[in-house]
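Below, each chain spelled out in residue letters.
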Amino acid sequence: MEEQVKEEQAGGSSSSTEPARGEEVVKKRGSSTQDSRRSSSSRSSRKSFRLDYRLEEDVTKSKRDKHGRFVNPWPTWNAPTLYNVLKWQFTEKDHSKVPSSKEVLDRELPVQEPYFIQNPQLAGKTGAGMRATWLGHATVLVEMDDLTFLTDPVFSQRASPLHFMGPKRFRGPPCSVAQLPKIDAVVISHTHYDHLDSGSVASLNERFGSELRWFVPQGLMDWMQKCGCENVIELDWWEENCVPGHDEVTFVLTPAQHWCKRTPTDDNRVLWGSWSVLGPGNRFFFAGDTGYCSAFEQIGKRFGPFDLAAIPIGAYEPRWFMKAQHVDPEEAVRIHIDVQAKCSLGIHWGTFALAYEFYLDPPVKLKEAMDRYGLNQDKFFVLKHGESKDLNVEEDAFE
């Protein structure tokens with residue numbers, strides 16, 4: 001919510017015998033001209049995938065209201081109102097206190113050059129393990145099972161429709177799109193400007209073209225095509241698909257508790273969600289942007305355990321306003337437990353000042369929450385901007 005307000009103010013392999021659950025949705029919209037824009041690689045993967053659904057209990061499906069807009073189906077959701085937005089903006093004190101001094105920021109939140117800039121030959125070489133590189137906010141470069149993909153790529157200086165106003169980064173991106181290694185796929189969680197950036201989408205599309213597969217929530221296909229992206233797969237909650245030539249790795253759109261908005265009139269016309277990426281050797285969960293709800297236990301039961309989860313830990317104060325849409329560090333730990341993550345990476349902090357907690361509080365509060373739950377702090381960590389974490393990567397993967 002807060003990002004939109006500020007913007008406007010400016011185990012399973014494919015061998016299971018269970019029935020396939022989530023047939024890919026590539027909706028035919030508009031004219032035949034639009035249809036012809038879909039790449040051959042997109043067309044080649046119109047198929048179902050059979051996962052190891054160990055539990056066949058009901059799961060929460062996406063829902064729409066009578067106007068066709070998506071809604072959150074959990075009692076933990078409270079829709080933001082204009083009154084509460086104004087109350088937050090004009091009566092609450094901002095405790096973020098982001099320093100204006102670059103020297104202080106460099107000391108407290110250093111930005112380092114990602115490994116792949118000086119050593120591009122190492123990119124993608126993870127052996128049987130996986131690697132995650134934090135590129136700021138909710139952007140993570142993930143390498144696993146011979147695939148490299150990005151989550152919610154934002155490389156611009158502002159999370160805004162305007163280049164001259166709106167939330168501005170206080171820590172710049174550690175690399176440019178041009179410096180990235182080859183990317184096979186991108187997952188998008190929702191449409192808020194700090195997660196879906198048109199400039200970054202255009203740059204990625206210009207560099208990788210139709211070889212780059214975009215996985216997006218239902219309702220976002222048209223927007224992506226207007227940006228020139230051809231290889232786009234649009235999914236509903238619990239539906240799945242893959243990257244052509246990599247059928248062994250399945251991308252599943254899973255639920256989250258949030259909302260979507262980019263213009264004054266498009267509220268919740270697009271679905272939001274988390275992503276579960278299931279490979280033969282590794283499993284990765286990306287929570288996107290979310291409040292806490294019961295969906296994460298369902299995700300854990302169906303797809304856990306995950307080798308790594310990327311879970312938001314920032315933009316959570318004041319709680320009376322943010323709770324339904326943004327977890328705080330303690331709720332992030334609950335998600336870590338619910339999805340059965342072996343390790344988790346804290347994201348969605350230290351990049352944009354989107355809420356009112358002190359800018360360095362999220363990792364501090366995360367450690368305190370892990371202590372309260374009696375968990376090893378090393379199992380839920382944070383990274384420097386540009387820093388990588390290897391999980392189960394053997395030395396011979398780099399030879």
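Residues numbered from 1 in each chain as written. Predicted model: local features only at pLDDT ≥ 70, side-chain atom pairs only at ≥ 80, totals over all residues. Heavy atoms only, no water.

## Some details on the sheet that holds strand β10 (residues 246-254)
Reading across from one edge, β9-β10-β11-β12-β13-β14-β15 is the order of the 7 strands in this open sheet, with mixed pairing throughout. Where the open sheet ends on each side, the last strands, each with one partner, are β9 (240-243) and β15 (380-381). Sheet strands in contact with helix α11 (residues 329-338) are β12 (283-286), β13 (308-312), β14 (344-347) and β15, and its direction is about 155° off that of β13. (Pairing = 2+ DSSP bridges. Helix = DSSP H or I, 4+ residues; strand = E, 2+ residues; numbered from the N terminus. Contact = heavy atoms within 4.5 Å. Axes fitted to C-alpha atoms, helices over the stretch in contact; angles between N-to-C directions.)

## What about the layout of surface pockets?
Taken as a whole, the second largest pocket encloses approximately 250 Å³ of empty space. The wall of the second largest pocket is formed by 17 residues, among which Thr 76, Asn 78, Trp 320, Lys 323 and Ala 324 lie closest to the centre. Sorting the residues of the lining of the second largest pocket by element identifies α10 (319-322) and α11 as the ones contributing at least two each. Tallying contributions element by element places α10 first for the lining of the second largest pocket, with 3 residues. Tallied by class, residues from the lining of the second largest pocket come to 7 nonpolar, 6 polar and 4 charged. (1 Å grid on protein atoms, 1.4 Å probe; cavity = no way out; pocket = protein on both sides within 12 Å on 5 of 7 lines; lining within 4 Å. Points joined across faces, edges and corners; volume = space filled by probe spheres on them. Nonpolar A, V, L, I, M, F, W, Y, C, P; charged D, E, K, R; others polar.)

## Some details on the packing of aromatic side chains
Within the structure shown, the criterion is met by 17 aromatic pairs. With a centroid separation of 5.5 Å and an interplanar angle of 80°, the aromatic rings of Tyr 115 and Phe 116 are classed as edge-to-face. On the basis of relative accessible area, Tyr 115 is assigned to the buried category, the value being 18%. Residue Phe 116 is classed as buried on the basis of its relative accessible area, which comes to 3%. Ring centres 4.3 Å apart and planes at 15° place the aromatic pair Phe 215 and Phe 251 in the stacked group. On the criterion of sequence distance, the pair formed by Phe 215 in strand β7 (residues 213-217) and Phe 251 in strand β10 is long-range, its members being 36 residues apart. Since its relative accessible area comes to 0%, Phe 215 is described here as buried. Overall, the relative accessible area of 0% leaves Phe 251 in the buried class. (Phe/Tyr/Trp six-rings, centres within 6.5 Å; stacked < 30°, edge-to-face > 60°. Buried < 20%, exposed > 50% of the residue type's maximum accessible area, 1.4 Å probe, protein only.)

## Regarding the nonpolar core
Grouped together as the largest cluster of nonpolar side chains are 94 residues, with contacts concentrated most on Leu 180, Trp 214, Phe 251 and Phe 284. With residues near it in sequence (within four places) discarded, Phe 284 still touches Met 130, Val 142, Met 144, Phe 149, Thr 151, Trp 275, Ser 276, Val 277, Phe 306, Leu 308 and Ala 310. Residues Ala 315, Phe 321, Phe 352 and Tyr 356 belong to the second largest nonpolar core, which totals 12 residues. (Core = buried A, V, L, I, M, F, W, Y, C linked by side-chain atoms within 4.5 Å.)

## A few points about the side chain of Thr 139
Position of Thr 139 relative to the elements: it lies in the loop between β3 (130-134) and β4 (140-144). With a relative accessible area of 0%, Thr 139 lands in the buried category. Here Asp 152 takes part through its backbone oxygen, which lies 2.8 Å from a polar atom of the side chain of Thr 139. Separated by 3.1 Å, the side chain of Thr 139 and the backbone nitrogen of Val 154 make a polar contact. Those residues in contact with Thr 139, other than ones at most four positions away along the chain, are Thr 133, Trp 134, Leu 150, Thr 151, Asp 152, Pro 153, Val 154 and Phe 155. (Polar contact = N/O pair within 3.5 Å; in protein donor to acceptor, adjacent residues only side chain to side chain.)

Everything listed here is a matter of coordinates, which is why it stays silent on function.
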